[in-house]
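# Secondary and tertiary structure notes
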Amino acid sequence: MGNTRLGGKSVILRLEIQTDTINFGQVASVIFAAGGDIVAIDVISTSRDMTVRDITITVTDSVDISIITEAVKNMEGVRLVNISDRTFLLHLGGKIETQPKTPIQNRDDLSRVYTPDVARVCMAIHEEPDKAYSLTVKRNTVAVVSDGSAVLGLGNIGPYAAMPVMEGKSMLFKQFAGVDSFPICLNTQDTEEIIAAVKAIAPAFGGINLEDISSPRCFEIEERLRRELDIPVFHDDQHGTAVVLYAALINALKIVGKSIDSIKVVVCGIGAAGIACSRILLSAGVKNIIGVDRMGAIASGIQYDNRMLQWYAEHTNPDRVQGTLQEVIHGADVFIGVSAGGILSREDVGHMADQPIVFAMANPVPEVRPEEIEDIAAVIATGRSDYPNQINNVLCFPGIFRGALDCRASEINEEMKLAAAEAIASAISEEELNPLYIIPSVFNQHVVKAIRDKVVQAAIRTGVARRTPREYR
Ligand SMILES: NC(=O)c1ccc[n+]([C@@H]2O[C@H](COP(=O)([O-])OP(=O)(O)OC[C@H]3O[C@@H](n4cnc5c(N)ncnc54)[C@H](O)[C@@H]3O)[C@@H](O)[C@H]2O)c1
Ligand SMILES: O=C(O)C[C@H](O)C(=O)O
Ligand SMILES: [Mg+2]
């Protein structure tokens, strides 16, 4: 797979350098020797015998920044003024803001955007509630709702700590699909309170994207909201992940020449993402799926206190295999990890069938790092943007909501999800397909449009579109 590491941590060191004692070249070589790659230098101030510079350094994840800072501090004639982490700098004050579409420059503007004239618009909507779609942000706006209970693979870190992820999702909605959205992190993890809160805020929105809500509560929350609201409700960690996973598997199987109904798949982490991925694979024709969670393989005959696991046991694992991940991975053609970082070893991958496919999708740390297995796995994918083959729900949720909003769909149904998966898979032609390129980049300009078109068509076909976009009239 070659050098798969494309990014890394990035910090800015502000250094005060006594130029009569040491020159910048010497400083740079010490940083380099300690594992830092200098990517930018900004001169902040200079005097006859002193210069202050901001040195931007990137390091791979395996390098400890403190080794570099210690090396710098030990240099005579150099003072480390401060260190700033570029990622933290990017988050200062949050990552998004609201932006008026028109300026308010005089009293006339004021009376039209606000009182008194706004009252006529309010009354028009009061008389015909559907006008909310044409006269408010509802038409193009999605709520990104989390309770902070299963944030990435970080676990239950709460609503405040979940905000940076939800703000990030909002950025992605806007950048990739022109969808406006608000990050909403609720200060409750009670199922009924979450349902009530989402129903209460729904009037402002054309769709609800549930994010990072842990299982099993996420299933009931989504099911109830789908039933009780007339706008699409989509739990991204379930369906977004499943759609992209299925797209990636269609293409990976072409590379290894195996057929979907003959493969043995081990899914690790039977939570929101694991259950949805397994479901989509079952409907795509996979016969042998074994799910593994902390307690080992899920098998019928074992009693589970959670109804989703009970369902899972009854619909998967036809041979009722029991055991740990290390035991059941033997002979598997495909590993799908949606659990936690670092739980799969090179040795485990060595026990898989010929030409193993490894999708280690836990974030931010995958179940196994690609560099550990690149010589023994046929196809590797992770959820991260800094390795090739990113299987991440970001490839799905912007396009699927773009389609759902454009045709004012009342829900996002199975046909729309399968259509999205096929659109993603077919974005890579047979000629382009290779082990490092099974899934299109999120920056591929055509993917969102392709998903959107297929999703709109599927919504019209299945009767959930409440508006037919002009090109289909
Ligand atoms: N790449 C993507 O697009 C994508 C999408 C969704 C989720 N994820 C990742 O998948 C993981 C799970 O997300 P989720 O939303 O399903 O969370 P979740 O909390 O609903 O489920 C996680 C499941 O993994 C299990 N688990 C945790 N540690 C385990 C271990 N050591 N061995 C076996 N099972 C273990 C838990 O018991 C739980 O059932 C997270 O790391 C998340 O970042 C990735
Ligand atoms: O947020 C991501 O990058 C993907 C996914 O939603 C996750 O929870 O890991
Ligand atoms: Mg998520």
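Within each chain, residues carry numbers counting from 1 in the order of the written sequence. Each chain is given a letter, starting from A, and each ligand a number, starting from 1, according to the order in which they appear as written. For a predicted model such as this one, the threshold for reporting local features is a pLDDT of at least 70, and the threshold for listing and counting side-chain atom pairs is 80 or more; totals across whole chains, interfaces and linings nevertheless cover every residue. Heavy atoms throughout the structure, all of them, feed into the side-chain values; hydrogens and water do not.

As annotated in an unreviewed UniProt entry, the chain carries the name NAD-dependent malic enzyme and is attributed to Paenibacillus enshidis. Word for word, the UniProt comment on the chain under Sequence similarities (unreviewed entry) is "Belongs to the malic enzymes family." UniProt positions are given in the numbering used here, feature names are shortened, and annotations may be inferred rather than shown by experiment.

## Details of the site of ligand 1
We call a residue near a molecule or strand whenever a single non-hydrogen atom of that residue lies within 4 Å of it. Taken together, the neighbourhood of ligand 1 is formed by 25 residues, with Thr241, Ala273, Asp293, Ile391 and Asn393 sitting nearest. Pairs of N or O atoms within 3.5 Å make up the polar contacts considered here, provided that, within protein, one atom can donate a hydrogen while the other can accept it, and that residues adjacent in sequence are counted only when both atoms are side-chain atoms. The contact in question runs from an oxygen atom of ligand 1 to an N or O atom on the backbone of Ala273, over 2.9 Å. With respect to ligand 1, the side chain of Asp293 contributes an N or O atom lying 2.5 Å from an oxygen atom. Burial of ligand 1 by the protein amounts to 87% of the accessible area it has alone, namely 840 Å². Classes in brief: Ala, Val, Leu, Ile, Met, Phe, Trp, Tyr, Cys and Pro nonpolar; Asp, Glu, Lys and Arg charged; the others, Gly included, polar. When its residues are assigned to classes, the shell around ligand 1 shows twelve nonpolar, ten polar and three charged. Using a 1.4 Å probe, the Shrake-Rupley method yields the accessible areas, and only the shown protein chains count as cover for residues.

## So, the site of ligand 2
In the vicinity of ligand 2, the contacting residues are Leu152, Lys169, Glu211, Asp212, Asp237, Asn363, Asn392 and Asn393. Between ligand 2 and the protein, one listed contact pairs an oxygen atom with a side-chain N or O atom of Asp212 at 3.0 Å. Separating an oxygen atom of ligand 2 from a side-chain N or O atom of Asn363 is a distance of 2.8 Å. Looking at side-chain class alone, the shell around ligand 2 contains one nonpolar, three polar and four charged residues.

## Topic: the coordination of the magnesium ion (ligand 3)
Only N, O and S atoms count as donors, using a 2.8 Å cut-off from the metal and 3.2 Å for Na, K and Ca, and because water is excluded some sites may appear unfinished. Those protein atoms acting as donors to the magnesium ion (ligand 3) are Glu211 (OE), Asp212 (OD) and Asp237 (OD), and they sit at 2.1 Å. In terms of primary sequence, the donors binding the magnesium ion (ligand 3) are separated according to E-D-x24-D. A residue pair is termed long-range when its members are at least 10 positions apart, and Glu211 in the loop between β7 (207-210) and α9 (217-228) and Asp237 in helix α10 (residues 236-256) qualify at 26 residues. Residue exposure (1.4 Å probe, protein chains only): buried if accessible area is under 20% of the type maximum, exposed if over 50%, otherwise partly exposed. Judged by relative accessible area, which is 1%, Glu211 ranks as buried. Only DSSP runs of H or I reaching four residues or more are called helices, and only runs of E reaching two or more are called strands; each is numbered from the N terminus.

## Brief notes about the confidence of the model for the chain
Looking at the chain as a whole, its pLDDT mean stands at 95, while 98% of the residues score no less than 70. For the stretch residues 1-7, pLDDT sits under 50, and the model shows 18 contacts to residues farther than four places along the chain or on other chains. Values of pLDDT, ranging from 0 to 100, describe the predictor's confidence in every residue of the model. Pairs of residues are marked as contacts when any of their non-hydrogen atoms sit within 4.5 Å.

## Focus: the layout of surface pockets
A cavity here means a set of 1 Å grid points, computed over protein atoms only, where a 1.4 Å probe fits but cannot escape. A pocket is an open set with protein on both sides within 12 Å along at least 5 of 7 lines, and lining residues have an atom within 4 Å of a point. Grid points are joined across faces, edges and corners, and a volume is the space filled by probe spheres set on the points. One number sums up the size of the second largest pocket: a volume of about 1000 Å³. Lining the second largest pocket are 23 residues, with Gln99, Pro100, Lys101, Val137 and Asp180 positioned closest to its centre. For the lining of the second largest pocket, the secondary structure elements donating two or more residues are α6 (132-135), α7 (158-177) and β6 (180-185). Taken together, the residues that form the lining of the second largest pocket break down as nine nonpolar, nine polar and five charged.

## A look at the nonpolar core
Among the buried residues, those of types Ala, Val, Leu, Ile, Met, Phe, Trp, Tyr and Cys that are joined through side-chain atoms within 4.5 Å form a nonpolar core. Grouped together as the largest cluster of nonpolar side chains are 102 residues, with contacts concentrated most on Ile208, Leu281, Phe359 and Ile424. With eleven residues, the top contributor of residues to this core is α10. Setting aside anything within four residues of it in sequence, one finds Ile424 in contact with Val243, Val244, Ala247, Leu395, Cys396, Ile439, Pro440, Val447 and Ile451. The next biggest cluster of nonpolar side chains, apart from the first, holds 20 residues, and it includes Leu13, Ile31, Val59 and Ile65.

## As for a positive patch on the surface
Any residue with relative accessible area above 30% and no salt bridge may belong to a patch, with like charges joined within 9 Å and the nonpolar Val, Leu, Ile, Met, Phe, Trp and Tyr side chains within 5 Å. Only one rule defines a salt bridge in this text: a Lys or Arg side-chain nitrogen within 4 Å of an Asp or Glu carboxyl oxygen. This count recognises Lys and Arg as positive and Asp and Glu as negative, with His and chain-terminal groups excluded. To locate a charge, take NZ of a lysine, CZ of an arginine, CG of an aspartate or CD of a glutamate. There is a patch of like positive charges on the surface, built from Lys101, Arg139, Arg467, Arg470 and Arg473. Tracing the chain through its elements places Arg470 in the segment after α18 (445-461). We classify Arg470 as exposed; its relative accessible area is 68%.

## Quick notes on the packing of helix α11 (residues 272-283) against helix α12 (residues 307-315)
Fitted lines through C-alpha atoms serve as axes, helices being fitted only where they are in contact, and the angles separating the N-to-C directions of these axes extend from 0 to 180 degrees. At a closest axis distance of 12 Å, the pairing of α11 and α12 adopts a crossing angle of 30 degrees. Considered as vectors, α11 and α12 are oriented roughly parallel to each other. Once α11 is placed against α12, the crossing between them reads as left-handed. Contact with α11, carried on its side by Gly274, Ile275, Ser278, Arg279 and Leu282, involves Met308, Trp311, Tyr312 and His315 of α12 and no other residues of that element. Taken together, the residues of the contact of α11 with α12 break down into five nonpolar, three polar and one charged. The scheme is simple: roughly parallel for angles under 35 degrees, roughly antiparallel for over 145, roughly perpendicular for 65 to 115, oblique for anything else. It is the rotation of the near helix from the far one that decides the hand of a crossing: anticlockwise by less than a right angle makes it left-handed, clockwise makes it right-handed.

## Thoughts on the pattern of salt bridges
Counted by the stated rule, this structure contains 28 salt bridges. Residues Lys73 and Glu70 are paired through a salt bridge, measuring 3.5 Å at the closest nitrogen-oxygen approach. In this pair, Lys73 and Glu70 both sit in helix α2 (residues 65-73), three residues apart, roughly one turn of the helix. Classification of Lys73 as partly exposed rests on a relative accessible area of 48%. Here Asp375 makes a salt bridge to Arg346, at a shortest N to O gap of 2.8 Å. Residue Asp375 is located in the loop between α15 (370-373) and β14 (379-382), and its partner Arg346 is located in helix α14 (residues 346-350); the two are separated by 29 residues in the primary sequence. In this structure Asp375 comes out as exposed when scored by relative accessible area, which is 57%. Taking relative accessible area as the criterion, Arg346 reaches 37% and is therefore assigned partly exposed.

## Overview of α18
Between its first and last C-alpha atoms α18 spans 26 Å; for 17 residues at 1.5 Å apiece the expected length is 24 Å, and the two agree. For α18, the full list of buried residues reads Val447, Val448, Ile451, Arg452, Asp453, Val455, Val456, Ala458 and Ala459. Contacts made by the buried residues of α18 are with α7, α16 (397-406) and α17 (414-425). Just downstream of α18 lies Gly463, where phi reads positive at about 75 degrees. What a helix should span is 1.5 Å times the count of its residues minus one.

## Here's the deal with the packing of aromatic side chains
Aromatic ring pairs are reported here in terms of the distance separating the ring centres and the angle at which the planes meet. Planes of paired rings set the category: under 30 degrees apart is stacked, over 60 is edge-to-face and the rest tilted, where pairs are Phe, Tyr or Trp rings (Trp by its six-membered ring) whose centres lie within 6.5 Å. The full count for this structure, using the stated rule, is five aromatic pairs. Relative to Phe401, the ring of Phe173 has its centre 5.6 Å away and its plane inclined at 75 degrees; by these criteria the two rings are edge-to-face. Residue Phe173 is located in helix α7, and its partner Phe401 is located in helix α16; the two are separated by 228 residues in the primary sequence. Each member of the pair, Phe173 as well as Phe401, carries the same accessibility label: buried. Plain terms: the ring middles of Phe182 and Phe205 are 6.0 Å apart, the flat faces sit at 80 degrees to each other, and that makes the pair edge-to-face. Highlighted residues: Phe182 in strand β6 and Phe205 in the loop between α8 (191-201) and β7, separated in sequence by 23 residues.

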